[in-house]
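Summary of structural features
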Amino acid sequence: MLPAPPQDHATPAMTGPRDSGVPAPRAGVEWPAPEPPGSDSISPKTHLPTDLPGTDSGGHPLHPGTPGAPAGVPASGVRLDRPAEPEEYPLQAPDPRAAGETPGPEQRPEEHAQPATTCVACRAGRVDSDGYCENCGHAQPRERDHMERESGPVAAVSDRGLRHHRNEDSFALGHTALPDGGPATLAVVCDGVSSATRPDEASAAAARAAGDVLLAALPRGTHPQAAMHEAIVAAAQAVNALAGEPDTAREHDPHQNAPACTLVSAVVAAGLLVVGWVGDSRAYWVPDDRDAPPARLTEDDSWAAQMVAAGLMSEAEAYADERAHAITGWLGADAYELDPHTASFKPDRPGVVVVCTDGLWNYAETAREMAETIPADAAARPLHSARILVGHALDGGGHDNVTVAVLPFPAPPQGAGSA
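These remarks concern the structure in this document. In this text the structure is predicted, and so the values were computed from the model without any measurement.

What to know about helix H7 (residues 382-395)
In a regular helix each residue adds 1.5 Å, so 14 residues correspond to 20 Å; H7 covers 20 Å between its end C-alpha atoms and thus fits that length. H7 sits mainly inside the fold: 11 of its 14 residues count as buried. When we look at burial in H7, the residues that qualify are Pro382, Leu383, His384, Ser385, Ala386, Arg387, Leu389, Val390, Gly391, Ala393 and Leu394. Check the buried side of H7 and you find it contacts strand E1 (146-151), strand E2 (154-159), strand E11 (351-356), helix H5 (358-361), helix H6 (367-373) and strand E12 (402-409). Positive backbone phi, at 135 degrees, marks Gly397, one or two positions downstream of H7.

Listed below in structure tokens is the structure:
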């Protein structure tokens with residue numbers, strides 16, 4: 001069931017107490033803006049995400065420890081996303097760290113690489129037009145086994161990992177201009193639910209639909225949080241449509257299991273950081289000043305998160321349980337209902353936003369671990385930093401597909417808060 005237009009509650013300027021009764025600004029109204037230069041030094045300062053959590057689509061605080069947070073909201077359904085996988089596949093995806101630091105003009109990340117003429121397995125055989133080695137017979141890596149993209153200041157890397165036979169993650173990046181000419185950047189990351197049919201198609205459809213909506217809505221002046229809600233709804237509709245395709249598209253699906261995926265997205269625009277998600281993919285805030293606290297900006301739709309929210313288990317106990325990664329929210333026709341979560345933040349200093357699937361955060365789960373893993377110059381080298389994070393997951397075992405996008409958040413204008 002698709003929801004009505006958003007009742008999201010933005011965190012307006014994050015310079016004072018939150019009023020959860022005020023709906024998010026709609027198109028055509030003024031967005032929260034940094035304090036003007038020369039504002040009085042004793043006026044309330046812009047808060048860090050860790051100082052004042054954002055609100056979800058229902059106006060509730062995101063973190064269970066926040067007063068008034070709902071405890072133990074019953075799940076609308078649970079999906080186990082851990083089908084059996086063989087120990088190793090014979091041909092692993094290429095290591096992203098083997099790529100050059102910076103792509104030259106002759107090989108931009110946006111461009112598709114030409115098919116290899118030499119087998120990546122035996123290093124001797126010629127690859128035929130069907131993608132198989134004429135010498136050893138190995139299938140060559142598919143395009144989605146390893147993907148890298150840049151769009152303006154934002155970059156992303158996606159890798160199949162070392163255990164999965166295909167990459168079921170997908171992403172979309174973009175940068176555009178707001179009506180006042182200011183820049184806006186966005187990233188959408190989707191993780192296909194492996195226990196569903198055609199999860200790779202679900203993640204690709206969701207990422208494409210959400211990215212298209214954001215790139216269309218932001219230049220029209222739609223508030224980023226409202227645009228984020230619209231993008232998640234569009235992504236859900238795109239995934240739902242896959243379940244209605246002809247039987248010929250589901251020939252390997254005797255039980256008609258609907259395609260499904262999770263989604264997490266971030267937008268940086270006009271001094272705001274807006275995140276949206278459904279499922280257990282995450283967004284993290286890492287300030288350039290590593291002495292300042294990092295933060296996780298999303299709360300998982302998962303069994304583990306519900307156990308922690310209900311006070312039944314500690315976070316360490318919940319995530320150590322074999323049921324931890326059972327998700328309670330996803331995009332797909334068999335989802336009981338769609339509950340898009342959105343939150344708006346206004347950091348008072350520069351940093352980066354890390355948007356990723358659990359293929360990465362399983363190896364850097366806390367905000368502090370993520371901050372220790374990403375390079376200190378991440379804002380200046382987002383593609384390099386995304387490669388490093390993917391490499392960290394591969395070094396940890398690469399048990400899942402891993403996808404990460406890195407979005408720089410620029411320094412607020414002078415007088416917008418403490419630096």
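Digging into the packing of helix H1 (residues 199-217) against helix H2 (residues 224-243)
Between H1 and H2, whose axes approach to 8 Å, the crossing angle comes to 145 degrees. Between H1 and H2 the crossing geometry is right-handed. Here Glu201, Ala202, Ala205, Ala206, Ala209, Ala210, Val213, Leu214 and Ala217 of H1 lie close against H2, whose contacting residues are Ala227, Met228, Glu230, Ala231, Ala234, Ala235, Ala238, Val239 and Leu242. In the contact of H1 with H2, the residues fall into 16 nonpolar, no polar and 2 charged.

Remarks on the sheet that holds strand E8 (residues 295-296)
A sheet is described by the order of its strands in space; here 6 strands give the open sequence E1-E2-E12-E11-E7-E8, paired in antiparallel fashion. At either margin of the open sheet sits one strand with a lone partner, and together these are E1 and E8. Here strand E7 (residues 282-287) runs beside E11; their pairing, made up of 6 bridges, is antiparallel. Bridging from a neighbouring strand, Val286 pairs with Val352 of E11. Sheet strands in contact with H7 are E1, E2, E11 and E12, and its direction is about 25 degrees off that of E2.

Section: the packing of aromatic side chains
In the structure shown here, the tally under the stated rule is 2 aromatic pairs. Between the aromatic rings of Trp285 and Phe409, the centroid separation amounts to 5.7 Å while the plane-to-plane angle is 85 degrees, which identifies the pairing as edge-to-face. Here Trp285 is found in strand E7, whereas its partner Phe409 is found in strand E12, with 124 residues between them in sequence. Trp285 gets classed as buried once you look at its relative accessible area, which sits at 0%. With relative accessibility at 4%, the residue Phe409 sits in the buried group. Geometrically, the ring pair formed by Tyr319 and Trp361 is edge-to-face, given 6.2 Å between the ring centres and 90 degrees between the ring planes. Of the two residues, Tyr319 sits in helix H4 (residues 315-320) while Trp361 sits in helix H5, which places them 42 residues apart along the sequence.

Re the state of the cysteines
A full pass over the atoms with the stated rule returns 0 disulfides. Here Cys136 stays free of any disulfide, with the sulfur of Cys133 as its closest cysteine sulfur at 3.6 Å. Sulfur of Cys261: no disulfide; nearest cysteine sulfur belongs to Cys190 and is 4.7 Å away.

What about the environment of Ser385?
The topology assignment puts Ser385 in helix H7. Owing to a relative accessible area of 0%, Ser385 belongs among the buried residues under this scheme. Sequence-wise, Ser385 and Ile374 are 11 residues apart; in three dimensions their C-alpha atoms are separated by 6.1 Å. Contacts of Ser385, omitting those with residues within four sequence positions, involve Ile374, Pro375, Asp377, Ala378 and Val406. For Ser385, the side chain forms a polar contact with the main-chain oxygen of Arg381, separated by 2.9 Å.

A look at unusual backbone geometry
Look at Arg198: it is not a glycine, yet its phi comes out positive at around 50 degrees. Examined against the element boundaries, Arg198 turns out to sit in the loop between strand E4 (183-192) and H1. The class of Arg198 is buried, set by a relative accessible area of 10%. Although it is not a glycine, Ala270 adopts a positive phi angle of roughly 50 degrees. Along the chain, Ala270 falls in the loop between strand E5 (260-269) and strand E6 (272-278). Using a relative accessible area of 33% as the deciding quantity, one classes Ala270 as partly exposed.

Reading the values: the criteria
- Residues numbered from 1 in each chain as written.
- Predicted model: local features only at pLDDT ≥ 70, side-chain atom pairs only at ≥ 80, totals over all residues.
- Heavy atoms only, no water.
- Helix = DSSP H or I, 4+ residues; strand = E, 2+ residues; numbered from the N terminus.
- Expected span 1.5 Å × (residues − 1).
- Buried < 20%, exposed > 50% of the residue type's maximum accessible area, 1.4 Å probe, protein only.
- Contact = heavy atoms within 4.5 Å.
- Axes fitted to C-alpha atoms, helices over the stretch in contact; angles between N-to-C directions.
- Left-handed = near helix turned anticlockwise from the far one by under 90°.
- Nonpolar A, V, L, I, M, F, W, Y, C, P; charged D, E, K, R; others polar.
- Pairing = 2+ DSSP bridges.
- Phe/Tyr/Trp six-rings, centres within 6.5 Å; stacked < 30°, edge-to-face > 60°.
- Disulfide = S-S within 2.5 Å.
- Polar contact = N/O pair within 3.5 Å; in protein donor to acceptor, adjacent residues only side chain to side chain.

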